Amino acid sequence: MNLRIIFGLIILTVTLRSVAQETPESWPSPVKDTLNGIVLFDRLEVARNNREENIAIWDMIAWYGGDTYRLYFKSEGENKQNDGEPTDIERAELLASRLIAPFWEIQVGIGARGELTSDSNMENYAVVSLFGMAPYQFEVDSSLIINEDGDVSVSMEAEYDYRMSQTSYLQPRISLSASLSESERFDRPSGFNSIRVGLRYRMEVSREFAPYIGAYWSRALGASADNLRGIGDPVHETGVVLGARVWF
């Protein structure tokens, strides 16, 4: 009798499992992972600093892929108007990305930074980034960078969109850079290098176009500030900005 009961339970278990695995014909097909892309200029602006200099600034990101795997391109830089100096590329990076947790991606790739001239000595590097949204909806982009000479540096950017109305936002933003090793070739001492804090108010004309105004404060830190003082350059800067956030 016990064997009959055990045999019956086995048949019942197999039958229930088979039924559970069968998808009813009336159910829709699972949603497939589609490929999409976007180009976003988070900052496309002109700044006027406390030394009465006009500076064109951009900060953009583009990606293409699905929900789990994506290919990213990030670019950031500035150009001081009418100073005779070339455009300064703060970063230009090509990254492969994988979703590792809800709202968080790990990114690995290569990049370059430096002055954009035909004979410039650009700094080439490998980069690993943690990109995503921290608790309380802070957007974070933190990177570990190793250049071709083996010098190691880190950078972190964080911003938050505070909704003031259905179409207007107040965005505080902070960026911090530091070097874990000294780079003599690129004149970058070890320790904290710089900090920049900004605040922007933007109004959405449409979802794709949102003009804004704002202000910022930046300062060199540690040995970087000492080096600037040594050559008579200022260690801090304030300014106002006028620009637009654009995506397509």
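Calculation criteria
Residues numbered from 1 in each chain as written. Predicted model: local features only at pLDDT ≥ 70, side-chain atom pairs only at ≥ 80, totals over all residues. Heavy atoms only, no water. 1 Å grid on protein atoms, 1.4 Å probe; cavity = no way out; pocket = protein on both sides within 12 Å on 5 of 7 lines; lining within 4 Å. Points joined across faces, edges and corners; volume = space filled by probe spheres on them. Helix = DSSP H or I, 4+ residues; strand = E, 2+ residues; numbered from the N terminus. Nonpolar A, V, L, I, M, F, W, Y, C, P; charged D, E, K, R; others polar. Phe/Tyr/Trp six-rings, centres within 6.5 Å; stacked < 30°, edge-to-face > 60°. Lys NZ or Arg CZ within 6 Å of the ring centre and 35° of its normal. Pairing = 2+ DSSP bridges. Buried < 20%, exposed > 50% of the residue type's maximum accessible area, 1.4 Å probe, protein only. Patch = residues over 30% accessible without salt bridge, like charges linked within 9 Å, V, L, I, M, F, W, Y side chains within 5 Å. Areas by Shrake-Rupley, 256 points an atom, 1.4 Å probe, with all protein chains shown as cover. Salt bridge = Lys/Arg side-chain N within 4 Å of Asp/Glu carboxyl O. Lys, Arg positive; Asp, Glu negative; His and termini not counted. Charge placed at Lys NZ, Arg CZ, Asp CG, Glu CD. Contact = heavy atoms within 4.5 Å.

The chain goes by Copper resistance protein B in an unreviewed UniProt entry, where it is assigned to Alteromonas oceani.

Before we move on, could you go through the layout of surface pockets and cite the residues and values that matter?
Of the voids in this model, the second largest pocket is the one considered here, and its volume is about 1200 Å³. Forming the boundary of the second largest pocket are 36 residues, of which L40, F131, M133, E139 and R245 lie nearest the centre. Counting residues per element, the lining of the second largest pocket draws most heavily on strand β2 (residues 54–65), which supplies 4 residues. Of the residues assigned to the lining of the second largest pocket, the class counts are 16 nonpolar, 3 polar and 17 charged.

Which residues make up the packing of aromatic side chains, and what values go with them?
Enumeration over the complete set of coordinates arrives at 2 aromatic pairs. Taking NZ or CZ as reference, R196 lies 4.1 Å from the ring centre of Y216, over its face. The lysine or arginine in question, R202, covers the ring of Y169, its NZ or CZ lying 4.7 Å from the ring centre.

Tell me what's going on with the pairing of strand β6 (residues 123–134), and back it up with residues and numbers.
Where strand β5 (residues 104–115) and β6 come together, 10 bridges link them in antiparallel fashion. Considered in β6, the bridge of R113 is made with E123. Note: β6 against strand β7 (residues 138–147), 10 bridges, orientation antiparallel. Bridge pairing in β7 links S129 to S143. If you look at the hairpin formed by β6 and β7, you'll find 3 residues sitting between the two strands, and Y136 has a positive phi there, around 70°.

Describe unusual backbone geometry, listing the residues and the values that go with them.
Even without a glycine there, the phi angle at Q137 is positive, about 65°. Here Q137 is to be found in the loop between β6 and β7. Look at D187: it is not a glycine, yet its phi comes out positive at around 50°. For D187, the position within the fold is in the loop between β10 (168–179) and β11 (191–203). We classify D187 as exposed; its relative accessible area is 60%.

Account for a negative patch on the surface, with residues named and values stated.
On the surface, a cluster of negative charge is made up of D83, E85, D88, E90 and E115. Position of E90 relative to the elements: it lies in strand β4 (residues 88–101).

Can you break down the environment of A225 residue by residue, with the values?
If you trace the backbone, A225 turns up in helix α2 (residues 222–230). Residue classification places A225 among the buried residues on the basis of a relative accessible area of 2%. On a C-alpha basis, the gap between A225 and V235 in space is 5.5 Å, while along the polypeptide they are 10 residues apart. With residues near it in sequence (within four places) discarded, A225 still touches R219, A220 and V235.

Requested: an account of the pairing of β11, with residues and values cited.
As paired elements, β10 and β11 share 12 bridges and run antiparallel to each other. Each residue of the ladder has a partner; that of S179, found in β11, is G191. In this structure, β11 lies alongside strand β12 (residues 209–220), joined through 9 bridges in antiparallel fashion. Along β12, the bridge assignment pairs G198 with Y216. Adjacent in sequence and paired antiparallel, β11 and β12 are bridged by 5 residues.

Mind laying out the pattern of salt bridges, listing which residues take part and the relevant values?
Applying the stated criterion to the full structure yields 22 salt bridges. Across the pair R245 and D42 runs a salt bridge whose closest N-O atoms are separated by 3.0 Å. With R245 in strand β13 (residues 236–247) and D42 in strand β1 (residues 36–49), this pair connects stretches of sequence that are 203 residues apart. A relative accessible area of 10% means that D42 is categorised as buried. A salt bridge links R173 to E159, with the nearest nitrogen and oxygen atoms 3.4 Å apart.

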